[in-house]
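Okay, here's what each chain looks like letter by letter:
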Amino acid sequence: MARVTALRSIELGVTDLRRSAAFYGECWGLRPVAQGPGFCFLRATGPDHHVLVLRERPAPALIRIDFAAASPLAVRKLHGELESGGVKVRAEPGPLEDPGGGYGFAFVDQAGREFRILTGVAVHADAADEPDRPRKLSHIVLNSTDADADSAFFLNVLDFRLSDQTAMMEFLRCNADHHSIAFARAGRVTLNHAAFEMPDWEGVMRGAGRMKENGHALEWGIGRHGPGNNVFAYFIDPDGFVVEHTADLQRVDEVLHQPRTPQAWARPLNRLDQWGFAGAPSETILNAMNGAGQA
Ligand SMILES: [Fe+2]
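What counts and what doesn't
- Residues numbered from 1 in each chain as written.
- Predicted model: local features only at pLDDT ≥ 70, side-chain atom pairs only at ≥ 80, totals over all residues.
- Heavy atoms only, no water.
- Core = buried A, V, L, I, M, F, W, Y, C linked by side-chain atoms within 4.5 Å.
- Buried < 20%, exposed > 50% of the residue type's maximum accessible area, 1.4 Å probe, protein only.
- Helix = DSSP H or I, 4+ residues; strand = E, 2+ residues; numbered from the N terminus.
- Contact = heavy atoms within 4.5 Å.
- Donors = N, O, S within 2.8 Å, 3.2 Å for Na, K, Ca; no water.
- Pairing = 2+ DSSP bridges.
- Axes fitted to C-alpha atoms, helices over the stretch in contact; angles between N-to-C directions.

**Q** Tell me about the nonpolar core, residues and numbers included.
**A** Core analysis: the largest hydrophobic core is formed by 59 residues, its most contacted members being Y24, F107, I117, F154 and L158. Among the elements that take part in this core, helix α1 (residues 17-28) stands out by supplying six residues, more than any other. Apart from the residues lying within four places of it in its own chain, the contact partners of F154 are F67, F115, D159, F160, L172, I181 and F183. Within the second largest apolar cluster, nine residues are counted, among which are W220, V242, A278 and I285.

**Q** Give a detailed account of unusual backbone geometry, specifying residues and quantitative values.
**A** Between G221 and I222 the backbone carries a cis peptide bond, its omega angle lying at -5°. Within the secondary structure layout, I222 lies in strand β15 (residues 220-224). In the Ramachandran plot, D159 falls in the positive-phi region, its phi being about 65° despite a non-glycine side chain. Tracing the sequence through the fold places D159 in the loop between α3 (147-156) and β11 (161-165).

**Q** Describe in detail the coordination of the iron ion, supporting the description with residues and values.
**A** Every protein donor of the iron ion is listed here as H139 (NE2), H193 (NE2) and E244 (OE), and their distances to the metal cover 2.0 to 2.1 Å. Mapping the donors of the iron ion onto the primary sequence gives the spacing H-x53-H-x50-E. Taken together, the positions of H139 in strand β10 (residues 136-144) and H193 in strand β14 (residues 191-197) put the pair 54 residues apart, joining distant regions of the chain. H193 carries the same exposure label as H139, and that label is buried.

**Q** Can you explain the sheet that holds strand β13 (residues 181-185)? Please cite residues and give values.
**A** One open sheet holds the eight strands; their spatial order is β11-β12-β13-β10-β14-β17-β16-β15, and the pairing between them is mixed. Each having just a single partner strand, β11 and β15 make up the two edges of the open sheet. Here the average twist between neighbouring strands, direction ignored, is 20°. Sheet topology note: the β10/β13 ladder contains five bridges and is parallel. Its bridge partner lying in β13, I140 is registered against I181. Lying on the sheet, α3 is in contact with β10, β11, β12 (169-173) and β13; it crosses β13 at an angle near 160°.

**Q** For the side chain of T166, give the residues involved together with the corresponding values.
**A** As for its position among the elements, T166 is in the loop between β11 and β12. Not counting the four nearest positions on each side in its chain, T166 is found in contact with F171, R185, P227, P262 and W265.

Listed below in structure tokens is the structure:
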């Protein structure tokens, strides 16, 4: 079975491109790498050509999520497996016209979300950590009306592995990162949040400081999650999308790791993070995580 090897990027529909590009470029810590009428591609400090694409739209919307595969052969194998499994595939694998290029195809899952599997996208030769900027897209959490079915699709068809389950969420990995994607039992199909990896939790603090200086409230954090063990700081972007600076995400040993159950993740201390420091998420961010404003 061919495999998805990594989460690459996320594409969002935003209502005011200039405003969103300024937010992600000047406050969040990304940098524009390609811009044109109605779109802006932004990179992190790592080698990925871009980790975020903004496209101007009448309403905020999750447009698509891109994953990486190792080679054109792996892309073609995955395409064949999806197509023969009855998954709606947009077209045959082919070269992309996006900035950064590459080769791949798009498919649509049972909930109507679009994903792409790509290989050969341009990489930056100048990748180097900066203390207060994201190095890559860490993970995406998707709200789901049927998280069990969404999780099963990723496990069985795309060969993701289950890292952990809680009463709320299914955490799935495609490499050693504890989760690249997670599905939240939420009663709707929207984006819950997108997380960007900082070099360490000093970086999470520095990023939070820059956000605060720019007038963006910390809506939840700073804390350390249970599943994944990652440090987090959550903010809301100009269109109401929730974004997370994160660090220290657990690296999973494929052989030794045993997924834990919702019972194992019950919270005996009634804490919402390991440190007991973050407290409860704000009402504002709970609504934003629900994706109420998204098309
Ligand atoms: Fe997260």
